[in-house]
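Fold and contact review
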Amino acid sequence: MSKVCIVFDRLRSEEKMLQKEASNLGHDTLMLDAKITQVNTDSKKEDFDLGDVVLERCVSYFRGLHFTSSLEFLDIPVLNKFEVANICGNKMFMTLLLKKNNIPTPKTYFSFSSDSAAENLDKVGYPLVIKPIIGSWGRGVMPVKDKDTLEALVEVREITDSPHDRIYYLQEMIDRPPRDIRVITIGDEPVAAMYRKSSDGGFKTNIALGADPELCEITKEMEDLAVKASKAMGGGILGIDMMEDDKRGLVVHEVNNTVEFKGLARVAQRNIPKEMIEFALNYVRK
Amino acid sequence: MNCPECDATLNIPDDASVGEIVSCPDCGADFEISKKDGSNVELKQAETVGEDWGE
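For the structure given in this document, a descriptive report is provided here. Computed from a predicted structure; not experimentally measured. (Residues numbered from 1 in each chain as written. Chains lettered and ligands numbered in written order. Predicted model: local features only at pLDDT ≥ 70, side-chain atom pairs only at ≥ 80, totals over all residues.)

1. A word on the overall build of chain A
- The number of helices and strands found in chain A is nine helices and 13 strands.
- A compact globule built from 286 residues should have a C-alpha radius of gyration of about 19 Å, and chain A, at 20 Å, falls within 12% of that.
- With respect to the three principal axes, the spread of C-alpha positions in chain A is 60 × 45 × 35 Å.
- Among the 286 residues that make up chain A, the fraction classed as buried is 40%.
- Sequence-distant contacts, at least 24 apart, represent 66% of the contacts inside chain A between residues at least 6 apart. (Helix = DSSP H or I, 4+ residues; strand = E, 2+ residues; numbered from the N terminus. Rg over C-alpha atoms; globule rule 2.2 N^0.38 Å. Buried ≥ 20, exposed ≤ 12 C-beta atoms within 10 Å, placed from the backbone. Contact = placed C-beta atoms within 7 Å.)

What follows is the structure, encoded as structure tokens:
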């Protein structure tokens, strides 16, 4: 019997599904709230009972990332690894790594001040899609269709003045059907996929915003692309998002680190949380 | 138990776990289960959605 530790900061149905599947497989689980856990520079692995492997499942990206760094400091095996989380949590780092690995991805422009972003948009032309480099669930993602929209966005960013808002990530608008594809990979293997369709015919297709999930058959092209993207990021348990570009075929626009799967788990043929637990335990046995 | 915010009745399932979020059906406030010992449940204000929340 093994022991799996699931680190959370908000216990969602995904974490409970993981706990249940671990138990069904005959393993012990430990649910650990990152918010009430303390680590210091003298901490030792033996000070904690975190089982054989940790699945980091915090909903807060920075909390999860920093918690992961402390686990790795203690030589406690954790999924995903710090480097994977660090890259996937930042859209700019992730996009650059996709491109570096020759994975088709939308053309993306990076500017490091609002003036420079405006100058680039004047040069490239509207529309482009602006995305915050940190954040999920479609927050702050919107098409910039004209100069007025850009000026309004810049004004808001200057008021909020988050350090990451000084980085402008602007992406080409892809001509595609009103949906995207989410492929879940576990250990570089695609296990399930779904189409995410905009719930109101709008631009965004995030499930968190009410998009309808629909089971998607994994084609060879999807599989190849998902495997390449997973390997490029460093592996682990990932959610690879793709769009169907009318001209180029599939393009990968995002790789998610702490993948949410409750919608897909309801319709997938394979047992996603069970495979995650099995992968995690095999990961430490290797 | 009652909502700490508006005093409405909160329905907390028997199988709810520490760390889970309970929403008040009347005022919509979210609370996190901070302690649970049988039917004794302690709540604390849930964190609000952060800029870095998500996948």
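Resuming the write-up.
2. What about the overall build of chain B?
- Check the secondary structure of chain B and you find zero helices and three strands.
- The order of helices and strands in chain B, counted from the N terminus, is β-β-β.
- Considering only C-alpha atoms, chain B reaches an extent of 35 × 25 × 15 Å along its principal axes.
- Residue burial in chain B is summarised as follows: out of 55 residues, 18% are buried.
- The long-range share in chain B, meaning contacts at least 24 apart out of those at least 6 apart in sequence, stands at 14%.

3. A short note on the nonpolar core
All names here are of chain A.
- Ranked by internal contacts, the top residues of the largest apolar core, which has 59 residues, are Val7, Ile184 and Ala229.
- When residues of this core are sorted by domain, at least three fall in each of domain 1 (3–87) and domain 3 (175–257).
- Discounting chain neighbours no more than four positions away, the residues touching Val7 are Leu32, Ala34, Val54, Leu55, Glu56, Arg57, Cys58 and Phe67.
- Ranked by size, the runner-up nonpolar core spans nine residues in total, among them Val144, Tyr168, Tyr169 and Leu170. (Core = buried A, V, L, I, M, F, W, Y, C linked by C-beta atoms within 7 Å. Domains from an automatic or database assignment.)

4. Here's the deal with unusual backbone geometry
Residue and element names in this part refer to chain A.
- The amide bond that connects Leu79 to the next residue, Asn80, takes the cis arrangement and shows omega of -5°.
- Of note, the bond from Tyr126 into Pro127 is cis; its omega dihedral lies within 30 degrees of zero at -5°.
- Of note in this structure, Asn102 is not a glycine but carries a positive phi near 55°.
- Residue placement: Asn102 occurs in the loop between helix H4 (91–100) and strand E5 (108–111).
- Even without a glycine there, the phi angle at Asp188 is positive, about 65°.
- If you trace the backbone, Asp188 turns up in the loop between strand E9 (179–186) and strand E10 (189–197).

5. With respect to the interface of chain A and chain B
- Of the residues lining the interface, 20 residues belong to chain A; the matching set on chain B comes to 10 residues.
- Every element with two or more residues in the side of chain A that touches chain B is listed here: strand E2 (28–33) and helix H2 (61–73) of chain A.
- Looking at the side of chain A that touches chain B residue by residue, the classes come out as nine nonpolar, eight polar and three charged. (Nonpolar A, V, L, I, M, F, W, Y, C, P; charged D, E, K, R; others polar.)

6. Thoughts on the pairing of E2 of chain A
Residues and elements named next belong to chain A.
- Relative to E2, strand E1 (residues 3–8) is paired through six bridges, and the arrangement is parallel. Bridge pairing in E2 places Ile6 opposite Met31.
- Since E1 and E2 lie parallel, the crossover through helix H1 (residues 13–24) that links them has a hand, and here it is right-handed. (Pairing = 2+ DSSP bridges. Right-handed = clockwise from strand over helix to strand, strands pointing away.)

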